[in-house]
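Per-entry structural report
Single-letter residue listing:
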Amino acid sequence: MSLIDRLFSVDRRWIFLFVMLAVAVPILFPLGLPVTTTGSTRAAFEYIESLHAGDIVWLSYDYGPSSAPENDPMAEAFLRHCFVKDVRVVMCALYPLGGLSLMNASAARVAREFPEKKYGTDYVNLGYKDGPEAVMRRLGENIADAFPTDVNGTPIEGMPIFQGIRTIGQFKVVFTVATGLIGEYWITLVNAQFGTPVIIGPTAVSAPKYYAFLNSGQLKGMLGGMKGAAEYEQLLARAYPAMSEFYHRTRLFTGTKGMDAQTGIHAVIVGFIFLGNVAFLLARRREGRA
Amino acid sequence: MRWVIRHCLLAILVFASAASGAPSGTLTPPPPELPAPDQFVAKDRPGDSGKAILLTWKDPPSLPAGATFEARRAEPPAYEWTKVADVKAGVQRYVDATAKDGVVYRYELRVHHADLADTLGLAGTIGPAVVSDPVASHDNWIKPERMNSLVACVLFLVLLLGSIGMAGRGTQFFIRRIAGLNAVDEAIGRATELGRKVLYVPGILSPGDIQTVASLAILGHVARATARYGSDLDCPNRDPLTFTSARETVRSAYLAEGRPDLFREEMVNYITYDQFAYVAAVSGRMVRERPAANFLIGHFFAEALILAETGQSTGAIQIAGTADPAQLPFFVAACDYTLIGEELYAAGAYLSREPVLLGSIRGTDLAKAALLLLGLVGIVSATLGHDWAAALLKTQ
Amino acid sequence: MTGLHFDIGRVLLLVCFGIVPLVGIILGFFAPSLRRQLPLIVAFVAGIVPILSLYIPKAFLSAPGQGMSPRLDQYLIIVAGFALPLGVVNVIQLNTRKVGRGEKGWFFSLVLLIGLFVMGSFGVYGAFSGTGIGFLPNGAPTPFQWMTDWLFQPLQSTIFSLLAFFMASAAFRAFRARNVEATILLVAGVLVMAGRVPLFDLLAYPFPPLKPAAASLTQTMGHLTEWIMDGPNSAAQAGIIIGSALGAMAMAIRVILGIERSYLGLGKGD
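Residues numbered from 1 in each chain as written. Chains lettered and ligands numbered in written order. Predicted model: local features only at pLDDT ≥ 70, side-chain atom pairs only at ≥ 80, totals over all residues. Heavy atoms only, no water.

On the chain C side, the residues contacting the 49 residues of chain A number 41 residues. Across the chain A/chain C interface, buried area totals approximately 4300 Å², and carbon plus sulfur atoms make up 68% of it. The residue Arg 137 of chain A makes a salt bridge to Asp 73 of chain C at a minimum N-O spacing of 2.7 Å. In this assembly, chain A and chain C are joined by eleven residue pairs in polar contact (both at pLDDT 80 or more). Contributing elements (two or more residues each) for the side of chain A that touches chain C: helix H1 (3-8), helix H2 (12-28), helix H3 (39-49), helix H6 (132-141), helix H9 (207-215) and helix H12 (255-289) of chain A. The element that contributes the greatest number of residues to the side of chain A that touches chain C is H12 of chain A, accounting for 15 residues. Partitioned by chemical class, the residues of the side of chain A that touches chain C number 24 nonpolar, 16 polar and nine charged. (Contact = heavy atoms within 4.5 Å. Buried area = accessible area lost by both parts, 1.4 Å probe. Salt bridge = Lys/Arg side-chain N within 4 Å of Asp/Glu carboxyl O. Polar contact = N/O pair within 3.5 Å; in protein donor to acceptor, adjacent residues only side chain to side chain. Helix = DSSP H or I, 4+ residues; strand = E, 2+ residues; numbered from the N terminus. Nonpolar A, V, L, I, M, F, W, Y, C, P; charged D, E, K, R; others polar.)

Right, let's talk about the domain arrangement of chain B for a bit. If you check the domain split of chain B, you get domain 1 (38-136) and domain 2 (173-353). Distance from the C-alpha centre of domain 1 of chain B to the C-alpha centre of domain 2 of chain B: 60 Å. (Domains from an automatic or database assignment.)

A separate point is the packing of aromatic side chains. Taken as a whole and judged by the stated rule, the model has 23 aromatic pairs over all chains. Geometrically, the ring pair formed by Phe 16 of chain A and Phe 165 of chain C is edge-to-face, given 5.7 Å between the ring centres and 80° between the ring planes. Of the two residues, Phe 16 of chain A sits in helix H2 while Phe 165 of chain C sits in helix H6 (residues 143-174), which places them in two different chains. Overall, Phe 165 of chain C belongs to the partly exposed group, its relative accessible area being 21%. Look at Trp 58 of chain A and Phe 147 of chain A: their rings are 6.1 Å apart centre to centre, the planes differ by 50°, and that puts the pair in the tilted class. (Phe/Tyr/Trp six-rings, centres within 6.5 Å; stacked < 30°, edge-to-face > 60°. Buried < 20%, exposed > 50% of the residue type's maximum accessible area, 1.4 Å probe, protein only.)

Here the focus is the interface of chain B and chain C. Counting from both sides, the interface comprises 71 residues of chain B and, opposite them, 62 residues of chain C. When the area that chain B buries against chain C is broken down by residue, the three leading residues are Trp 141, Phe 276 and Tyr 345 of chain B, summing to 10%. On the surface where chain B and chain C come into contact, there are three salt bridges. Arg 97 of chain C is the partner of Glu 266 of chain B in a salt bridge, and the nearest nitrogen-oxygen pair spans 3.2 Å. At the surface where chain B touches chain C, the tally comes to 15 residue pairs in polar contact (both at pLDDT 80 or more). It is helix H5 (residues 240-256) of chain B that contributes the most residues to the side of chain B that touches chain C, nine residues altogether. Counted by class, the side of chain B that touches chain C contains 38 nonpolar, 17 polar and 16 charged residues.

What follows is the structure, given as structure tokens:
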């Protein structure tokens, strides 16, 4: 078998092996590659930076365990940013399978880093509700209709964080960390009908779709995949020395740590594409000569 | 209560000043007067389902920094005012969503400043109140901010029904060739020749999603073809509603082809609601049972590439179709034929070749042409500095 | 004398989705053609109510929680809940048959049934005992939560991680410069992949003198990638979204008006 034929018919298991090595090696031996920022993430960051202490935002966990490596770092970076700026956060989960436990774990992790933040005053966890579209329509009329109690069963009416707050229209922004359609519902229902600005943190696969919404002004910003999470962490670290210290020391998984592996796998894929095309062009030339 | 305290203290002050023989005319200077709100109007909130009153006003020019607006409500003829809101300056509107339909209210609005001292040295000063006319909330027939959307829908309907009407009267419409749909019979024929089954995955969402309905329409045609050719069909489902609909679709198709004897309930089966457990099961089936033709048609998410690549590795002919832009590239890369976007919705009409359905595709194309034209005109006018097109299309 | 409170929305829903189907089923025994007509009538009502509620905010139609449209949303959740046991019964029937007959792949069916019953039992126990399916008051996980954390989530992540491998093999096979369009696809794909990550920094990692040049190249690629995503990609995505939306509208109108019936298994002449 000639080299060209061998390149053409590479057993896919070789590709799988290289992919595995490209992901595993940077995780075991971190390279610390630099992360550049993009306009969509900077737009999201600057929007939150423009908020004032006491402003209130909505954070929606609309993803499941399968995309947690991409979405968890985004949600946590956003939450840390809000806490650092003394912005109040209302959290909910609308993804049916695993969204609630992810939110509980993620919120508990970040809350431990900010012991001065008071539950019920600075942040609240409203738990999970089924039927995202119906929930969003009700949020436009009265939040307590959609979420009468928080995740612990405490009625939300009377909580200090909801003083003077009744509808989603009064929130400065909704940050939806999404996989699938629920992120789109926030844009087409909440932003379109109630005017609340939306920032989205989709998985990398869905991110290209949201550029259309970004350019039309329906989104204030976007964190695309793990790269978007890494960018947000970089921006946060640059703006706040305490956050820089945190991201330098933390043993938790962050988007920045995942970028080494992502770079490795991109390199492998580009390499194999290059090899495949070399084989293709050589085969074509061989056929041309024959 | 504040009224009582204020007047008691005033009395004490007057008495004390008289008793002390202090000369009159040495009172502290009066606090600055707070202005009254301008143009205060209370009306039923337009375009809603009731139970809401909209209060609007203009901030007076001489409003001091830090002042807020206190809104109170009373039900005539009794005038027991209840506070409903404290609104910051600059907002100039408030929706009272606690109103009851049919009940007449009056609203009072006044400026309040928590930090200014009033004549008695008490913190807080309240300006003169403005009272609204009586108002009651009720539900409305029309949502004014959506009228442009309604007009667009009506125009679309006119184009669609007009084209359907023309098709019904015998007008022939040209529909371009869609390779993926032309290959349906070829794929099923291949499966029949090889003696292997046809696998049909109708997406992972419920029939509430229109892509699933489109997929079920195509499933009906595929089931008729498998009934005609006598090949085996396997339709695993992730959503229970889709499972029940798909089963009825396939059963009806086999009945319509006159082959109810070939229909088996196990042809359409339910796997699990979990996305990745479902894809693991279907991938396992593809690898073990090696269907000759795979149809991946409907709404897919991350599992699209896993299904398509696994099917590709088994050597099956694959026809995919989805309207989700995020998954289209994976299907294009891994499948033999892909229905892109609206080709999926046109499939039912294309396969059945019913004139009425073909007419509806024509109507959709006309609507698209109209939108393209509007878009072009809007681009030109926006470039010249006129935003009327964006304003025309803005809806809420 | 008190007035009667007449909730017209609830009555209309009861008529459309309760009485009409019942009448249809009964009449269907005598006139089979009605069995085809009545589902179309129900589909019409179920489709037209949410559309009307978008434009007509009357309370009987659109009031949150009480109007016909929000009630229909709730009905859908309830119907889906009732459909789920149907699916579970089907899973049990199919797989017990496979195990009983010793058909090919019966072992996988056995594993599925064991998983279904074990996890399902813990879930049902949690519901009836009041401990729930999350965490106990002392912070310890319930058996259901434990299985979710240590079995379900790792299995989900494993299947999801297959995407990385499949993406590489699909890219190797599909990204070939066969013709002009394929070449454009190839070039755009490689540029975006190279621009989204610090690829040149990785390649320059073993060669420190090249790092500044690599960093500069990464910046340039990043800007190019942003332009591709903001420009051509955004335009193409918008085109597909708009086209799909129009197609979806047309499909929905056809279904609501009963013109499209193949989803019911009805074809020409039915």
